[in-house]
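Commentary on secondary and tertiary structure
As a plain string of letters, each chain reads:
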Amino acid sequence: GRKAGCLVFAVMYSLSALSTRSSSLTTLVAGRVLGGTATSLLFSAPEAWFVGEHQSKGYSGSLLGGAFELAYFGDGIMAILAGKIAGLVARRKGDKGAWLCGPSSPFE
């Protein structure tokens, strides 16, 4: 169910990311379809899994709201930090600097 949805997301999105290394139009299109489907799962499966586990353990509903509040706050902080780091790299390496430090940079 929910856990499987999260795992399927991870596999589909990984395959989508790997497809960007291809020069084949068919592979690129398939990667985009996988990425779109995976993104749909991303916005539903982890939260559904979390709520299901929360309810199965018998925790209070007020704890659930607090956990989501903390998670969304953390998402915002991480986005700000990622932007600051990207800006720092861009200032040091130029406009294309952030791309030079990405996970696929060893393959370029």
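Before reading further, recall that the structure is shown in the block above.
What comes next is a walk through the structure.

Rules and cut-offs
- Residues numbered from 1 in each chain as written.
- Predicted model: local features only at pLDDT ≥ 70, side-chain atom pairs only at ≥ 80, totals over all residues.
- Heavy atoms only, no water.
- Helix = DSSP H or I, 4+ residues; strand = E, 2+ residues; numbered from the N terminus.
- Buried < 20%, exposed > 50% of the residue type's maximum accessible area, 1.4 Å probe, protein only.
- Contact = heavy atoms within 4.5 Å.
- Axes fitted to C-alpha atoms, helices over the stretch in contact; angles between N-to-C directions.
- Parallel < 35°, antiparallel > 145°, perpendicular 65-115°, else oblique.
- Left-handed = near helix turned anticlockwise from the far one by under 90°.
- Nonpolar A, V, L, I, M, F, W, Y, C, P; charged D, E, K, R; others polar.
- Phe/Tyr/Trp six-rings, centres within 6.5 Å; stacked < 30°, edge-to-face > 60°.
- Expected span 1.5 Å × (residues − 1).

**Comments concerning the overall build of the protein chain**
For the protein chain, the helix and strand inventory stands at five helices and zero strands. Each helix and strand of the protein chain, ordered N terminal to C terminal, gives the series α-α-α-α-α. Within the span of the protein chain, comprising 108 residues, buried residues form 15% of the whole. Partitioning the intrachain contacts of the protein chain with sequence separation of at least 6 by distance along the chain shows that 47% fall at a separation of at least 24.

**Description of the side chain of Ser 19**
Following the sequence through the fold, Ser 19 ends up in helix H1 (residues 2–19). Filtering out sequence-adjacent residues up to four positions away, Ser 19 remains in contact with Thr 27, Leu 28 and Gly 31.

**Observations concerning the packing of H1 against helix H2 (residues 25–42)**
The N-to-C vectors of H1 and H2 enclose an angle of 150 degrees; their axes lie 8 Å apart at closest approach. Our classification of the angle between H1 and H2 gives roughly antiparallel. Relative to H2, the crossing made by H1 is left-handed. In this structure, H1 uses Gly 5, Val 8, Phe 9, Met 12, Tyr 13, Leu 15, Ser 16 and Ser 19 to contact H2, whose residues at the interface are Thr 27, Leu 28, Gly 31, Leu 34, Gly 35, Thr 37, Ala 38, Thr 39, Leu 41 and Leu 42. Partitioning the contact of H1 with H2 into residue classes produces 10 nonpolar, eight polar and no charged.

**Observations regarding the packing of aromatic side chains**
Following the criterion strictly, the structure yields three aromatic pairs and no others. Taken together, a centroid distance of 6.1 Å and an interplanar angle of 20 degrees make the contact between Phe 68 and Tyr 72 stacked. With Phe 68 and Tyr 72 both in helix H4 (residues 61–93) and four residues apart, the pair spans about one turn of that helix.

**Things to note about the environment of Ala 10**
As for its position among the elements, Ala 10 is in helix H1. Looking at Ala 10, the relative accessible area reads 36%, which means it is partly exposed. Separated by 32 residues in the primary sequence, Ala 10 and Leu 42 have C-alpha atoms spaced 8.8 Å apart.

**Considerations on H4**
The terminal C-alpha atoms of H4 lie 48 Å apart, and with 33 residues this matches the ideal 48 Å at 1.5 Å per residue to within 8%. Taken together, the buried positions of H4 are occupied by Leu 64, Phe 68 and Val 89. Phi for Gly 94, located one or two positions after H4, is positive at around 95 degrees.

Any functional reading would require information that these geometric values do not contain.
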